[in-house]
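An overview of the molecular structure
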Amino acid sequence: MSRQSVAKAHEKIQELAWEPLYHEPVSQYGTDYTFQKAKKKDPLKQVLRSYFPMQEEKDNRVYGASDGAIRGNMFRQVQERWLEWQKLFLSIIPLPEISAARAMPLLFRTVPNPELHNGQAIQMIDEVRHSTIQQNLKRLYMNNYIDPAGFNNSLRNFQNDYCGTIGRQFAEGFITGDAITAASIYLTIVAETAFTNTLFVAMPAEAAANGDYLLPTVFHSVQSDESRHISNGYATLLMALSDEGNHQLLERDLRYAWWNNHRVVDAAIGTFIEYGTKDRRKDRESYAEMWRRWIYDDYYRSYLVPLEKYGLVIPHDLIEEAWNQIWNKGYVHEVAQFFCTGWLANYWRMDPMTDKDFEWFEYKYPGWYDKYGKWWENYSRLSIPNGHNPIVFEDVDYQYPHRCWVCMVPCLVREDMVMAEVDGQMRTYCHEACRWTDVEAFRPTFQGRETPNMGQLIGKREWETLYHGWNWADVVSDMGYVRDDGKTMTAQPHLNLDPKKMWTLDHLRRCPPLQSPNVLLNEMSKEEQQAFHANYIRGGPAGRFPPAEA
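Overview of the structure. (Residues numbered from 1 in each chain as written. Predicted model: local features only at pLDDT ≥ 70, side-chain atom pairs only at ≥ 80, totals over all residues. Heavy atoms only, no water.)

1. Quick word on the overall build of the chain
Just so we agree on the cut-off: Strands are runs of DSSP state E lasting at least 2 residues, helices are runs of H or I lasting at least 4, and numbering of each runs from the N terminus. Throughout, the radius of gyration refers to the C-alpha atoms, and the reference size of a globule is 2.2 Å times the residue count to the power 0.38. Accessibility here uses a 1.4 Å probe with only protein chains present; expressed as a share of the type maximum, an area under 20% marks a residue as buried, one over 50% as exposed, and anything in between as partly exposed. Throughout, a contact is declared for two residues whenever any of their heavy atoms are within 4.5 Å. Accessibility throughout is a Shrake-Rupley quantity obtained with a 1.4 Å probe, and a residue counts as covered only by protein chains that appear here. Under this rule, positive means Lys or Arg and negative means Asp or Glu; His and the chain ends count for nothing. For this purpose, a charge sits on NZ of Lys, CZ of Arg, CG of Asp or CD of Glu.
A count of helical and extended segments in the chain gives 22 helices and four strands. Against the 2.2 N^0.38 benchmark of 24 Å for 550 residues, the chain shows a C-alpha radius of gyration of 24 Å, consistent with a compact globule. Projected onto its principal axes, the C-alpha coordinates of the chain cover approximately 75 × 60 × 45 Å. Per-residue burial for the chain yields a buried fraction of 58% across its 550 residues. Taking contacts inside the chain between residues at least 6 apart in sequence as the whole, the part at least 24 apart equals 76%. Only carbon and sulfur atoms are counted for the fraction: they give 52% of the accessible area of the chain, which is about 22600 Å². Within the chain, one finds 59 positive and 72 negative side-chain charges whose respective centroids are separated by 5 Å.

The following block contains the structure:
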C-alpha cells in the first residue's frame with residue numbers, strides 16, 4: 001500500500017468513531033471495576049501499513065506447510081501415540097480461541113481507551129484467525145491420518161465427554177461474569193501471558209520430536225500474535241491499578257484466574273507432553289522443567305512480582321502451591337491416569353506406557369514407578385479385551401475420584417479435596433482455592449463489597465451426573481463415540497486397529513451402570529459425608545484406596 005493510499009484509508013477509518021454521537025450507548029457488559037477516561041490516540045495508521053500484510057504472510061506459510069506435509073507423506077511418519085492425543089487437543093483448542101474473540105467486545109464499552117479499543121479489535125481478528133487455522137489443522141489430520149475416528153466428530157467432542165467438558169468451562173470463563181475479570185484478568189493477564197508458553201511453544205516442540213512438523217507451523221503462527229494480546233492485557237491492568245478501589249478486585253481475580261488456569265492448562269498440556277510422546281531422550285525437558293522455566297521464572301518472577309511496587313498483593317502462595325502440585329504431588333501424572341482410567345468415555349486411542357517410558361519417568365521424576373508403575377502395568381495388561389471389563393471396573397487399587405465443582409478437573413490429589421454445602425447441595429473441590437472461588441469469589445458480594453457483575457458457577461458441572469444410572473453402552477452411544485460399523489468404540493486403550501482386539505458396545509453392556517460420585521455423596525447423611533471425606537483424603541497417590549486402619 002502506498003504512503004498516499006494509507007493516509008486516505010486512515011482518514012476514512014477515522015470517521016468510524018468508537019463513541020456514537022447520535023444516542024446514549026447502553027452498557028451491555030457490566031463490571032465492578034472503575035476506570036478514568038484515557039486520552040484519545042489512534043494507532044490504526046501503523047496497523048494498516050504492517051498488520052494485514054504480516055498476517056497474510058503468516059497464513060501463506062501455514063497453508064504452504066500444510067501442502068508440504070501432505071506431499072512429504074508426514075502422516076505416515078508421525079507417531080500414532082502423538083496424533084491420537086491431538087484428537088482431544090484439537091477438539092478443544094478452537095473453542096478458547098473463538099471465546100477469546102468473543103471476549104473482546106466485552107471490553108469495548110468497559111475500558112474507556114480508544115487506543116486499547118483498536119488493539120482489542122485487532123486481537124478479535126487474531127483469535128478468529130487462530131480458530132480457523134486450528135480447525136483446518138484438525139481437518140487435515142482427519143483426512144490424512146490412518147484413523148480419522150475421533151477427529152470426524154470433534155465439533156461436539158468438547159462439550160459432552162468426560163475430558164472435553166473441562167476444556168469447555170475453561171473457554172467459557174473468557175466470556176462470563178464481570179467483563180474485566182473474564183476478558184482481561186483471566187484471559188489476557190493470566191492465560192495468554194503465562195500459559196501460552198507451554199501451550200504454543202512446548203507443545204510444538206514435542207510435536208516436532210514425534211514427526212509432526214505441521215502443528216509447530218500452525219501454533220508458532222498463533223504464538224507470534226500473543227505479544228500484542230499480552231500488551232492489551234497489561235495496558236488494561238495499569239489502567240485498573242491507577243484506581244486504588246480496584247485493587248481488591250484485582251487481587252481476587254488474580255487468585256481465581258491463576259488457579260483455574262493452572263488446574264486446566266497444566267492438566268491438559270502436561271499430559272500431552274509427558275504421556276502423548278514417544279520421545280524419551282534423557283536430555284529432553286520434562287513438563288515440570290518447562291513449567292519452572294517459562295511460567296515460574298519468566299511469568300511469575302519477571303511479570304507478576306514487579307506489580308507489587310504498585311501496591312498489588314500477588315498470590316505467591318497459589319503460585320508456589322501450583323509448583324508443589326506439579327513437582328511433589330504428581331498432578332500431571334494423576335491427570336493422565338484419570339484420563340486413561342475412563343478411556344471408554346472418550347474419543348481417542350490411549351497408548352499404554354512401556355519400559356522405555358517407565359525409565360524416562362523414573363529419571364525425570366524419581367520415585368515415579370513406586371507410585372504409578374503398577375497401575376500402568378495393569379492398564380497394559382487389561383488393554384486387549386479378554387473376558388475382563390475395562391480397567392475402571394477391575395480391581396487395580398484405584399478409587400474413582402470426585403469432580404471439582406469449579407475447575408471440573410477431578411479431586412486427584414486426594415489430600416487436598418475439600419467439601420462445602422452450597423445452595424442446598426454438597427459440592428466437592430480439588431483444593432481450598434477452588435472452594436474459595438465458588439463460595440466467596442463468584443458471589444454478589446465479596447468481603448463486604450457489592451459485586452453484582454461477578455456471576456455464579458451454576459448448572460450441571462459434573463459429567464458423571466449427566467449419565468448417572470445409565471448403562472455404559474448407552475452412554476457411549478449417546479455421546480456418538482462409535483465407529484462406522486455401529487458397535488466398535490472410537491476410543492481404545494491401545495493403538496492396535498485389529499478388529500478382534502478392539503472393544504465394542506457389547507463389552508460395555510455387561511459392565512455395572514455409571515454412578516455419579518456427587519449424586520451418591522448427596523444421598524448420604526451428614527455424618528456419612530464427614531466420614532467419607534475423612535477417608536477420601538487419606539487415599540492416594542495414584543488413586544489408591546486409603547490404607548486399612550489397624
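That shown, we press on.
2. A few points about helix α4 (residues 94-108)
Burial runs high along α4: 12 of the 15 residues are buried. Those residues of α4 not exposed but buried are Pro94, Leu95, Pro96, Glu97, Ser99, Ala100, Ala101, Ala103, Met104, Leu106, Leu107 and Phe108.

3. Examining the pattern of salt bridges
Short version of the rule: A pair is scored as a salt bridge if a Lys or Arg side-chain nitrogen falls within 4 Å of a carboxyl oxygen belonging to Asp or Glu.
For the structure on display, the rule yields 36 salt bridges. Between Lys329 and Asp416 there is a salt bridge, and its shortest N-O distance comes to 3.1 Å. One end of the pair, Lys329, is in the loop between α13 (316-327) and α14 (331-341); the other, Asp416, is in the loop between α16 (368-381) and β1 (418-422), with 87 residues separating them in the sequence. Overall, the relative accessible area of 15% leaves Lys329 in the buried class. A salt bridge links Arg443 to Asp438, with the nearest nitrogen and oxygen atoms 3.4 Å apart. Asp438 carries the same exposure label as Arg443, and that label is buried.

4. What about the packing of helix α8 (residues 179-209) against helix α12 (residues 287-304)?
Here is the rule: Helix axes use the C-alpha atoms of the stretch in contact, all axes being lines fitted to C-alpha atoms, and the angles between their N-to-C directions lie in the range 0 to 180 degrees. Oblique is the label for every angle not falling under 35 degrees (roughly parallel), over 145 degrees (roughly antiparallel), or within 65 to 115 degrees (roughly perpendicular). When the near helix sits turned anticlockwise from the far one by under a right angle, the crossing is termed left-handed; a clockwise turn instead gives a right-handed crossing.
Between α8 and α12, the shortest axis-to-axis distance is 10 Å and the interhelical angle comes to 150°. By the criterion of interaxial angle, the relationship of α8 to α12 is roughly antiparallel. In this structure, the crossing between α8 and α12 has a hand that is right-handed. Here α8 contributes Ile189, Val190, Thr193, Ala194, Phe195, Asn197, Thr198, Val201, Ala202 and Glu206 to the contact with α12, which in turn contributes Tyr287, Met290, Trp291, Trp294, Ile295, Tyr299 and Tyr303.

5. So, the environment of Gln169
Residue placement: Gln169 occurs in helix α7 (residues 164-172). Here Gln169 falls in the buried class, since its relative accessible area comes to 12%. Excluding residues within four positions of it along the chain, Gln169 makes contact with Asn260, Val264, Val406, Cys407, Met408 and Arg461.

6. Thoughts on the side chain of Arg443
By secondary structure assignment, the location of Arg443 is in the loop between α17 (432-441) and β3 (445-446). Judged by relative accessible area, Arg443 falls into the buried class, the value being 14%. Those residues in contact with Arg443, other than ones at most four positions away along the chain, are Val422, Asp423, Arg427, Asp438, Thr451, Met454, Gly455 and Gln456.

7. What about the pairing of strand β2 (residues 425-429)?
Rule in force here: For two strands to be treated as a pair, DSSP must find at least two bridges joining them.
In terms of burial, β2 is a largely internal element, four of the five residues being buried. Taken together, the five bridges between β1 and β2 define a ladder with antiparallel strand orientation. Residue Val422 lies in a different strand from β2, and its bridge partner there is Gln425. In textbook terms, the turn of a hairpin is the stretch between consecutive antiparallel strands, and for β1 and β2 this stretch comprises two residues, one of which, Asp423, has a positive phi near 50°.

8. Details of the state of the cysteines
Defined as follows: The disulfide criterion is simple: two cysteine sulfur atoms within 2.5 Å.
All told, the structure shown has zero disulfides when counted by the stated rule. Considering cysteine sulfurs only, Cys404 is the nearest to Cys407, which forms no disulfide, with 3.7 Å between them. In this structure Cys407 comes out as buried when scored by relative accessible area, which is 0%. No disulfide involves Cys430; its sulfur sits 3.7 Å from that of Cys434, the nearest cysteine.

9. Observations concerning the nonpolar core
Note the threshold: For our purposes a nonpolar core is just a set of buried Ala, Val, Leu, Ile, Met, Phe, Trp, Tyr and Cys residues, chained together by side-chain atoms within 4.5 Å.
Phe89, Trp258, Trp291 and Trp376 are the most contacted members of the largest nonpolar core, which totals 165 residues. In terms of residue count, the dominant contributor to this core is α8 (16 residues).

10. Thoughts on the packing of helix α11 (residues 247-275) against α13
Heads up, the condition is: Amino acids are sorted into nonpolar (Ala, Val, Leu, Ile, Met, Phe, Trp, Tyr, Cys and Pro), charged (Asp, Glu, Lys and Arg) and polar (every other residue, Gly among them).
Interaxial distance between α11 and α13 falls to 10 Å at its minimum, and their mutual angle equals 15°. Here α11 is positioned roughly parallel relative to α13, judged by the angle of their axes. Note that α11 runs across α13; the crossing there is right-handed. Counted together, Arg255, Trp258, Trp259, His262, Arg263 and Asp266 of α11 and Asp317, Leu318, Ile319, Glu321, Ala322, Gln325 and Ile326 of α13 form the full contact between these two elements. Residues of the contact of α11 with α13, tallied by class, amount to six nonpolar, two polar and five charged.

11. Description of α7
In terms of burial, α7 is largely enclosed, as seven of its nine residues are buried. Within the sequence span of α7, burial applies to Gly164, Thr165, Ile166, Gly167, Gln169, Phe170 and Ala171.

12. Examining unusual backbone geometry
Only a minority of non-glycine residues have a phi that is not negative, and only a minority of peptide bonds are not trans. The omega torsion of the bond from Gly540 to Pro541 falls at -5°, within 30 degrees of zero and hence cis. With respect to the helices and strands, the residue Pro541 is situated in the segment after α22 (526-536). The backbone of Asp397 shows a phi angle near 55°, a positive value even though the residue is not glycine. By secondary structure assignment, the location of Asp397 is in the loop between α16 and β1. Positive phi, normally seen in glycine, also occurs at Met408, with a value near 70°. Of note, Met408 is situated in the loop between α16 and β1.

13. Here's the deal with the packing of aromatic side chains
Geometry of an aromatic ring pair is reported as the spacing of the ring centres plus the angle between the planes. Definition in use: Within 6.5 Å between ring centres, the rings of Phe, Tyr and Trp (the latter by its six-membered ring) count as paired, and their orientation is classed by plane angle as stacked under 30 degrees, edge-to-face over 60, tilted in between. Consider the ring centre and the ring normal. A charge sits over the ring if Lys NZ or Arg CZ is within 6 Å of that centre and within 35 degrees of that normal.
In the structure shown here, the tally under the stated rule is 49 aromatic pairs. Residues Phe338 and Phe339 carry aromatic rings whose centres are separated by 6.4 Å and whose planes lie at 50° to one another, so their mutual orientation is tilted. Side by side, Phe338 and Phe339 carry an identical accessibility label, which is buried. Over the aromatic face of Trp436 sits the side chain of Arg255, whose NZ or CZ is 5.9 Å from the ring centroid.

14. Describing the environment of Gly119
With respect to the helices and strands, the residue Gly119 is situated in helix α5 (residues 114-144). For Gly119, a relative accessible area of 21% corresponds to the partly exposed category. Along the sequence, Gly119 and Met104 sit 15 residues apart, while their C-alpha atoms lie 9.5 Å from each other.

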